[in-house]
There are 2 protein chains.
Amino acid sequence: MFSGLCAFPLTPIREDHIDLKAVALLVSRAARAGVDSLGVLGSTGNYAYLSREERRSVLEASVDAADGVPILAGVGAVRTRDVLALVDDAQTAGASALLLAPVSYQRLTENEVFGLYKDVAEASSVPIVVYDNPATTGFIFTDELHSRIAEIPAIASIKIPPPQPGQASERLRELRSVLPDGTSVGVSGDWAAAESLLAGCDVWYSVIAGVLPEAAKIILDHALAGRGVQAREASASLEAVWSLFRAYGSLRVTAAIAEDLGLTSSPSLPLPLRGLDRDGRLKVADAIRRCGLEA
Amino acid sequence: MFSGLCAFPLTPIREDHIDLKAVALLVSRAARAGVDSLGVLGSTGNYAYLSREERRSVLEASVDAADGVPILAGVGAVRTRDVLALVDDAQTAGASALLLAPVSYQRLTENEVFGLYKDVAEASSVPIVVYDNPATTGFIFTDELHSRIAEIPAIASIKIPPPQPGQASERLRELRSVLPDGTSVGVSGDWAAAESLLAGCDVWYSVIAGVLPEAAKIILDHALAGRGVQAREASASLEAVWSLFRAYGSLRVTAAIAEDLGLTSSPSLPLPLRGLDRDGRLKVADAIRRCGLEA
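Along every chain, residues carry numbers that run from 1 in the direction the sequence is written. Key to labels: chains lettered from A, ligands numbered from 1, both in the order written. Owing to the predicted nature of the model, reporting of local features is limited to residues with pLDDT of at least 70; listing and counting of side-chain atom pairs is limited to 80 or more, with chain, interface and lining totals taken over all residues. Computation of side-chain values covers all heavy atoms of the structure but excludes hydrogens and water.

A. Region of interest: the interface of chain A and chain B. Two residues form a contact once any of their heavy atoms are found within 4.5 Å. Taken together, the 36 residues of chain A in the interface contact 36 residues of chain B. In this description, buried area is defined as the sum, over both parts, of the accessible area (probe of 1.4 Å) that is lost when the two are combined. The contact between chain A and chain B buries some 3,300 Å² in all, and 47% of this surface belongs to carbon and sulfur atoms. Among the residues of chain A in contact with chain B, A:Tyr49, A:Arg79 and A:Tyr105 are the three that bury the most area, contributing 25% of the side total. Salt-bridge contacts for A:Asp119 lead to B:Arg274; the nearest nitrogen and oxygen are separated by 3.2 Å. Under this definition, polar contacts are N or O atom pairs within 3.5 Å; protein pairs additionally need one hydrogen-donor-capable and one acceptor-capable atom, and for neighbouring residues in sequence, both atoms have to be side-chain atoms. Connecting chain A to chain B are 30 residue pairs in polar contact (both at pLDDT 80 or more). Here a strand is any run of E in DSSP of at least two residues, a helix any run of H or I of at least four, and the numbering for each starts at the N terminus. Secondary-structure elements contributing two or more residues to the side of chain A that touches chain B are helix H3 (80-93), helix H4 (110-123), helix H5 (134-137) and helix H12 (250-260) of chain A. It is H4(A) that contributes the most residues to the side of chain A that touches chain B, 5 residues altogether. Should a side-chain nitrogen of Lys or Arg be within 4 Å of a carboxyl oxygen of Asp or Glu, the pair is scored as a salt bridge.

Shown next as structure tokens:
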């Protein structure tokens, strides 16, 4: 399951409660579009804002709606004790793999992060994806640390931040040179996906695929078939969306897209997150029309 | 209560449970040493790692042990809903004021942070201290935002990061020029305390005072009496400790001091935090002896 397209659905919030109907709708849309896996309770799934019970209910609703598509469950939390409880819950709910970021309050040391992955690997009977997201965790992985962690047998894949434009091949070569054979490398940062897949990334951990799975699937299929020109063109046709992702953050923009398309009510983010202002929403609506994404 | 010395005790963890006896010991030591207030469940109090129930039990034990010294309770969390529940708990437990950092997973916008303080102020009947700590939250306050937030009537004080050496007077002048009259400004970063108090900071939000309150009180008393030479000398006599704070972070060093002095068992931090390695612990023990802090 660590190849192809992994869609990360939103977890919409409605008046401080999770909108489980909207969760099921987003998951089943992505499953029907033919994604290879679903990343439930990723950053786009607002995992960091939810209680243990809420996370369990989102996983259960997603497993029900996924129609057999395997689910990768986010289990990050600042305390190891809480991560281990979430690992139990995720496995009980039927997750096929776990996604774990070194969520931090105090900045963590390399040894602390290694210890976290080791402790979680020992408690898990399903594979684990290392979630490297310095923008949310404040933790910067070195390639040496990636190498140490990837040696742990349960570690199956690494979700890396978007490479700089034009740097995907080099970044991938560097990283693979220190990883065990068979560790899957997946890219996040949707604007960098076409380039990174063409450079040999195994999987696209995709935010946009959670809300517009068909558009993502077109890029993926071209890239996996080696149709570089078409993959780049398909990605370029969404540049109006990508530039909003970079300006406002992909979560706020994806929530605005889902709200605009009527997939969720509005607002759909947990306070203190406030979603986009009026100006941002107008830009999102305009980008949806210009990119032909009204479906 | 937003002047003088505010001591931030550790919340020691013992085999994944809070050591409430050690909490009470640390709080009563600081209270007996004559601190002006106690910052319970600050960063040093590991608030971000504790459940709601744990936070309530730490507050209750601290109010019992504080012997009337007013308590400032940390109420930070990533979600506004959870902060509001913690505000209720803190007031019920007898906290005299609240300490609130814009704890983040997704990076917050200025409007989101303003909205957080506004929502919390509306729900609180006690004063609030703004906790400006970019190292743990990833959020950088502008002075313009400090000014907007400080206009909210419940906002009583701002806990600022340590000014650069030699910059305390200028930093304080800049900040006060945009704040309403009467907003207390307090410094964190113990190595900058003497300089910042001499420059006119109202309060020292102190990590070291949670474990070594007498040593902190000496610096404070010299500074408040305008004895600049003695205040700077007293601070310089702890330079071995301050340099470890800067190298390892004040939480890990303070925990090692408390463990070395037998005030808590060891280890005392919640995983994934692992405290100092053997080399770091030797340096801490050496600094304690050299600074004459064995008491």
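B. Representation of the pattern of salt bridges in the model. All names here are of chain A. Within the structure shown, the criterion is met by 41 salt bridges over all chains. Between Asp286 and Arg290 there is a salt bridge, and its shortest N-O distance comes to 3.1 Å. You can see Asp286 and its partner Arg290 sitting in helix H13 (residues 278-290), 4 residues apart, about one turn around the helix. By relative accessible area, which is 37% here, Asp286 ends up partly exposed. Only protein chains enter the area calculation, which uses a 1.4 Å probe; residues under 20% of their type maximum are buried, those over 50% are exposed, and those in between are partly exposed. On the basis of relative accessible area, Arg290 is assigned to the exposed category, the value being 61%.

C. The relation of the copies chain A and chain B, seen in detail. In the superposition of chain A on chain B (RMSD 0.0 Å, axial shift 0.0 Å), the rotation amounts to 180°. Such a turn and shift between the copies fits a two-fold axis. When C-alpha positions in chain A are compared against the rotation axis, the closest is assigned to A:Gly138, at 3.6 Å. A shared interface surface links the copies, since 100% of the contact residues of chain A are contact residues in chain B too. Least-squares fitting of one copy onto the other uses the C-alpha atoms of those residues that reach a pLDDT of at least 70 in both copies.

D. Layout of the sheet that holds strand S8 (residues 155-160) of chain A. Residues and elements named next belong to chain A. If you trace the 8 strands once around the closed barrel, you get S1-S4-S5-S6-S7-S8-S9-S10, paired in parallel fashion. Between one strand axis and the next, the sheet turns by 25° as a mean value, whatever way the strands run. DSSP-based pairing: two strands are paired if at least 2 bridges between them are found. Note: strand S6 (residues 97-100) against strand S7 (residues 128-131), 3 bridges, orientation parallel. Among the inter-strand pairings, Leu98 is bridged to a residue of S7, identified as Ile128. Fitted lines through C-alpha atoms serve as axes, helices being fitted only where they are in contact, and the angles separating the N-to-C directions of these axes extend from 0 to 180 degrees.

E. Representation of the nonpolar core in the model. Residues grouped as a nonpolar core are buried Ala, Val, Leu, Ile, Met, Phe, Trp, Tyr and Cys residues, joined through side-chain atoms within 4.5 Å. Core analysis: the largest hydrophobic core is formed by 225 residues, its most contacted members being A:Leu38, A:Ile149, A:Trp204, A:Ile208, B:Leu38, B:Ile149 and B:Ile208. The contact partners of A:Ile149, leaving out residues within four places of it in the chain, are A:Val113, A:Phe114, A:Tyr117, A:Val130, A:Phe141 and A:Ile155.

F. Geometry of the sheet that holds strand S5 (residues 71-74) of chain B. Residues and elements named next belong to chain B. Spatial ordering of the closed barrel is given by S1-S4-S5-S6-S7-S8-S9-S10, a layout of 8 strands whose pairing is parallel. Strand-to-strand, the axes of this sheet are offset by a mean angle of 25°, without reference to chain direction. Note that S5 and strand S6 (residues 97-100) share 3 bridges and pair parallel. Paired with Gly74 across the strands is Leu99, a residue of S6. In the packing of helix H2 (residues 52-65) onto the sheet, contacts are made with strand S4 (37-40) and S5, and the angle to S5 comes to roughly 170°.

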